[in-house]
Amino acid sequence: MEAVAYVSFTSFATKSLPFSSLSQSSVINLHQNCHKNTLKSKSPRKLVVCASSGSSSVVTLLDYGAGNVRSVRNAIRYLGFEIEDVRTPEDILNADRLIFPGVGAFASAMDVLTKTGMAEALCTYIKNDRPFLGICLGLQLLFESSDENGPVNGLGLIPGVVGRFNSSNGFRVPHIGWNALQVAKDSEILDDVGDHHVYFVHSYRAMPSDDNKEWVSSTCNYGDDFVASIRRGNVHAVQFHPEKSGDVGLSVLRRFLNPKSQGTKKSTQGKASKLAKRVIACLDVRANDKGDLVVTKGDQYDVREHTKENEVRNLGKPVELAGQYYKDGADEVSFLNITGFRDFPLGDLPMLQVLRHTSENVFVPLTVGGGIRDFTDANGRYYSSLEVASEYFRSGADKISIGSDAVYAAEEYIKTKVKTGKSSLEQISKVYGNQAVVVSIDPRRVYVKDPNDVQFKTIRVTKPGPNGEEYAWYQCTVNGGREGRPIGAYELAKVVEELGAGEILLNCIDCDGQGKGFDIDLIKLISDAVSIPVIASSGAGAVEHFSEVFMKTNASAALAAGIFHRKEVPIQSVKEHLLKEGIELNQTMEAGLLEVRMERATTKISY
Ligand code: 1PR
């Protein structure tokens, strides 16, 4: 993974072994080491596990620097704990309580852990039944091996192979969103989850079997049953992201961090049974004419007031609004830096600050887009798109969204049929995984009389065009809708999936800000064409528009902006309506679970 050199290393990897210097071939048969040599270490360092004082509010965090663990840090701090970073294997062995939020690819992670001696320390720590919580890849690495760019050996503590989801049975991969758990045995940390959804984002998973059943504490169904969490003694790991699962997720972390102050199991009344449809709040952000960063909203992408001053429409402050939407029950929040195509985002420090501050209090996924491309500044300094994305991830983004640059990459690929690996889309998805890369499409409807008039995929439209045209194609645009390109939304969607996009944000310039409903023709066309999740966007004006899009298309999520900003329709009303219509949703905001937040404000945490 040569491009990983751009990733920053926040902890031990910074000074000792850069991630980039570790080749996959150096991954040794580590699980054998774990089995044979855990306690009698071959390492020059003596691996001795210290007894826990059991009275610390300090949590040790194993962050090997491959991605965004800012959210995990924020969630731990939010719950009143301090963080100590692992810098040496001894730090693992001396931990009272260790959290391992694995990020990035399996092979790269094993490479770093092995080279730094952390793998051996982890095995020793876990075998000694010390308090451990692995998250996502932090669960997968405990298994024997993974098929991700492999097979690659894992820590070998749990029998089983981590494999890729099968998309041939109609399930979209990556598995992104809020799904239900089937709890197999008492896990303590899952006590408040009950029938609520938790947030998953991954393409690989471990499967339950007779060999690992003594470990598996819950499963989740997505095409087949996979391991959602494991528990043995004090050792826990979860495939979902508690730090992104709202109040339910915070309660999972809290139960791990502070097991003695938990009180009784709460009776929770959710109704989760499968992957939920998501409701996303979107904030289009840009500097106004005074230079303040504001949330704005256009009508068909025109964000200026039609007054004499012609000022940028100002609908509020980004951090405040994002916090409000989290409280209101948004399943995700997206920021689009809508002038990113002309300004250099790394020069846009306020946008990075917005992400940093938002991620301190918002515990659902954050996506950020705008201006992700290679860039040379006025001093001739070159920044790769990967550097730009890395800065967004470090500042708190879980996913980045690429607009214009993905259009250019797709055009090039259609022309040459060669995957260069150099486009922003390919580079970022290779390093951070395709689940972290959204492609935002800004199409405009073009009516035609005869489908043979154009080389692009046309559809028979539900409502004929102004001159009675029965067909239309959807032309992609760049630079915030300012320039039409010779590629259709259908062609673009198929190509970006091939190039590594994990999700599509499907806007529609004709419908944007109109409040007349989503473009069902377009959303059906694209969501049937790809096997990655599609977010329907543009045009929501009433709660019925959300049920319509979920009932008539295969969209995985629906996004809205104007109606939320103008407080015309609250998120809760959208969710209540969808539930009444029998559409499965994540409902995390129930009274009992809000105690997580209140306790944080009132309780001094002690062991
Ligand atoms: O091209 O990689 O720099 O990305 C720029 C990003 O900024 C793209 O994702 C593009 O969609 C977005 N963008 C650029 N200009 C505008 C604009 O409005 N002038 N916003 C813009 C696009 C569309 C939606 C909007 C929905 C829902 N906004 O995200 O929020 O249409 O609105 P509604 O519910 O009010 O109808 P790059």
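Residues numbered from 1 in each chain as written. Predicted model: local features only at pLDDT ≥ 70, side-chain atom pairs only at ≥ 80, totals over all residues. Heavy atoms only, no water.

K.L.:
Can you help me understand the overall build of the protein chain in this one?
P.N.:
If you tally the helices and strands in the protein chain, you get 19 helices and 29 strands. Within the span of the protein chain, comprising 607 residues, buried residues form 60% of the whole. Long-range pairs, those at least 24 residues apart, make up 73% of the contacts in the protein chain with a sequence separation of at least 6. For the protein chain, the exposed surface amounts to about 23400 Å²; the carbon and sulfur share of it is 47%. (Helix = DSSP H or I, 4+ residues; strand = E, 2+ residues; numbered from the N terminus. Buried < 20%, exposed > 50% of the residue type's maximum accessible area, 1.4 Å probe, protein only. Contact = heavy atoms within 4.5 Å. Areas by Shrake-Rupley, 256 points an atom, 1.4 Å probe, with all protein chains shown as cover.)

K.L.:
What is the right way to read empty space enclosed by the protein from this model?
P.N.:
One simple way to see leftover space: roll a probe sized like a water molecule over the atoms. A complete count under the given rule lists four cavities of 30 Å³ or more for this structure. Considering only enclosed or pocket space, the largest cavity measures out at about 40 Å³ in volume. As for the largest cavity, its lining consists of Phe165, Asn166, Asn169, Phe171, Arg205, Tyr222, Gly223 and Asp224. Within the lining of the largest cavity, the residues separate by chemical class into three nonpolar, three polar and two charged. (1 Å grid on protein atoms, 1.4 Å probe; cavity = no way out; pocket = protein on both sides within 12 Å on 5 of 7 lines; lining within 4 Å. Points joined across faces, edges and corners; volume = space filled by probe spheres on them. Nonpolar A, V, L, I, M, F, W, Y, C, P; charged D, E, K, R; others polar.)

K.L.:
Help me understand helix 6 (residues 118–127), please; the structure alone is not making it clear to me.
P.N.:
Two residues of an α-helix separated by three or four positions point the same way, owing to the 3.6 residues in each turn. For helix 6, a buried count of nine out of ten residues is recorded, marking the element as mostly surrounded by other parts of the structure. Among the residues of helix 6, those classed as buried are Met118, Ala119, Glu120, Ala121, Leu122, Cys123, Thr124, Tyr125 and Ile126.

K.L.:
Is there a simple way to think about the sheet that holds strand 6 (residues 152–153) in this case?
P.N.:
Sheet strands associate in pairs through backbone hydrogen bonding, adopting either a parallel or an antiparallel arrangement. With respect to topology, four strands assemble into an open sheet ordered 6-5-7-11, the strand pairing being mixed. Since the sheet does not close on itself, it has two edges, and those belong to strand 6 and strand 11 (204–206), each with one partner. (Pairing = 2+ DSSP bridges.)

K.L.:
I keep staring at the nonpolar core and nothing clicks. Help me out?
P.N.:
When a protein is soluble and globular, its nonpolar side chains tend to lie buried together. Of all hydrophobic cores here, the largest spans 126 residues; its most connected members are Ile99, Phe335 and Phe546. When residues no more than four places from it in sequence are discounted, the contact partners of Phe335 are Leu283, Val285, Pro318, Ala322, Met351, Val354, Leu355, Thr358, Leu366, Thr367, Val368 and Gly369. One finds Val86, Ala107, Leu137 and Trp215 within the second-largest nonpolar core, a separate group that totals 42 residues. (Core = buried A, V, L, I, M, F, W, Y, C linked by side-chain atoms within 4.5 Å.)

K.L.:
Looking at this structure, I do not really get the site of the ligand. What am I missing?
P.N.:
As a matter of local geometry, the ligand sits amid 24 residues, with Ser404, Ser440, Asp442, Asp512 and Ser538 nearest to it. Taking Ser440, its side chain carries an N or O atom lying 2.7 Å from an oxygen atom of the ligand. Mapped onto the shell around the ligand, the elements with two or more residues apiece are strand 15 (278–287) and strand 29 (557–560). When its residues are assigned to classes, the shell around the ligand shows eight nonpolar, twelve polar and four charged. (Near = heavy atom within 4 Å. Polar contact = N/O pair within 3.5 Å; in protein donor to acceptor, adjacent residues only side chain to side chain.)

K.L.:
What should I look at first to understand the sheet that holds strand 3 (residues 98–102) in this one?
P.N.:
Sheet architecture is open: eight strands sit in the order 2-1-3-4-14-13-12-9, paired in mixed fashion. The sheet is open, and its two borders are formed by strand 2 (82–85) and strand 9 (182–183), each paired with just one other strand. Those strands touched by helix 8 (residues 246–257) are strand 1 (58–61), strand 3, strand 4 (132–136) and strand 14 (235–238), and its axis lies near 145 degrees from that of strand 3. (Axes fitted to C-alpha atoms, helices over the stretch in contact; angles between N-to-C directions.)

K.L.:
So what exactly am I meant to see when it comes to helix 12 (residues 404–416) here?
P.N.:
The terminal C-alpha atoms of helix 12, which comprises 13 residues, lie 19 Å apart, in line with the 18 Å expected from a rise of 1.5 Å per residue. For helix 12, every residue scored as buried is listed here: Ser404, Ala406, Val407, Ala409, Ala410, Glu411 and Tyr413. Looking at the buried side of helix 12, the elements it contacts are strand 21 (399–402), strand 22 (437–441), strand 25 (471–478), strand 26 (483–488) and helix 14 (489–499). Just beyond helix 12, the residue with positive phi is Lys417, at close to 60 degrees. (Expected span 1.5 Å × (residues − 1).)

K.L.:
What's the story with the packing of helix 15 (residues 520–529) against helix 16 (residues 543–552) in this structure? I'm lost.
P.N.:
The axes of two packed helices give the description: the angle between them and the distance between them. Relative orientation of the contacting elements helix 15 and helix 16 amounts to 35 degrees, with a least axis distance of 10 Å. Two packed elements cross with a definite hand, and for helix 15 against helix 16 that hand is right-handed. Together, Ile520, Ile523 and Lys524 of helix 15 and Glu548, Val549 and Lys552 of helix 16 make up the contact between the two elements. By residue class, the composition of the contact of helix 15 with helix 16 is three nonpolar, no polar and three charged. (Left-handed = near helix turned anticlockwise from the far one by under 90°.)

K.L.:
Got a minute to help me understand the side chain of Ser404 in this structure?
P.N.:
If you trace the backbone, Ser404 turns up in helix 12. A residue is classified by how much of its surface remains accessible, and Ser404, at 18% relative accessible area, is buried. Beyond its immediate chain neighbours, meaning those up to four positions away, Ser404 contacts Val478 and Asn479.

K.L.:
Quick question: what am I supposed to make of the pattern of salt bridges here?
P.N.:
Where charged atoms of side chains with opposite charge meet at close range, the side chains can pair. Counted by the stated rule, this structure contains 30 salt bridges. For Lys415, the salt bridge goes to Glu412, with nearest N and O atoms at 3.7 Å. One end of the pair, Lys415, and the other, Glu412, are both in helix 12, three residues apart, so they sit about a helical turn from each other. Salt-bridge contacts for Arg566 lead to Glu568; the nearest nitrogen and oxygen are separated by 2.7 Å. Ionic contacts of the salt-bridge type, sharing partners, join the residues Asp191, Asp192, Arg254 and Arg255 into one network. (Salt bridge = Lys/Arg side-chain N within 4 Å of Asp/Glu carboxyl O.)

K.L.:
What is the right way to look at the pairing of strand 15 in this model?
P.N.:
Moving residue by residue along a regular strand, the side chains alternate between the two faces of the sheet. A large share of strand 15 lies buried, amounting to nine of its ten residues. Note that strand 15 and strand 29 share four bridges and pair parallel. Of the residues in strand 29, the one forming a bridge with Val279 is Ala558. Relative to strand 17 (residues 332–337), strand 15 is paired through six bridges, and the arrangement is parallel. Counterpart to Ile280 in the pairing with strand 17 is Glu332. Pairing between strand 15 and strand 16 (residues 293–296): four bridges, direction antiparallel. Among the inter-strand pairings, Val285 is bridged to a residue of strand 16, identified as Val295. In textbook terms, the turn of a hairpin is the stretch between consecutive antiparallel strands, and for strand 15 and strand 16 this stretch comprises five residues, one of which, Gly291, has a positive phi near 95 degrees.

K.L.:
I tried to follow the confidence of the model for the protein chain on my own but got confused; where do I start?
P.N.:
Detail in the predicted coordinates should be disregarded across regions flagged by low pLDDT. The share of residues in the protein chain with pLDDT of 70 or more is 84%, and the mean pLDDT across the chain is 86. Taken together, the stretch residues 35–55 has pLDDT below 50 and engages in 43 contacts with residues farther than four places along the chain or on a different chain. Note that residues 591–607 has pLDDT below 50 and, in this model, 37 contacts with residues that lie over four places away or in other chains. (pLDDT = per-residue confidence, 0-100.)

K.L.:
Could you clarify how one ought to interpret the packing of helix 11 (residues 385–394) against helix 13 (residues 424–432) in this entry?
P.N.:
It is at 9 Å that the axes of helix 11 and helix 13 come closest, and there the two elements cross at 45 degrees. Judged by the inter-axis angle, helix 11 sits oblique to helix 13. For the element pair helix 11 and helix 13, the recorded crossing hand is right-handed. In this structure, helix 11 uses Ser385, Leu386, Ala389, Ser390 and Phe393 to contact helix 13, whose residues at the interface are Ser424, Gln427, Ile428, Val431 and Tyr432. Across the contact of helix 11 with helix 13, the residue classes break down as six nonpolar, four polar and no charged. (Parallel < 35°, antiparallel > 145°, perpendicular 65-115°, else oblique.)

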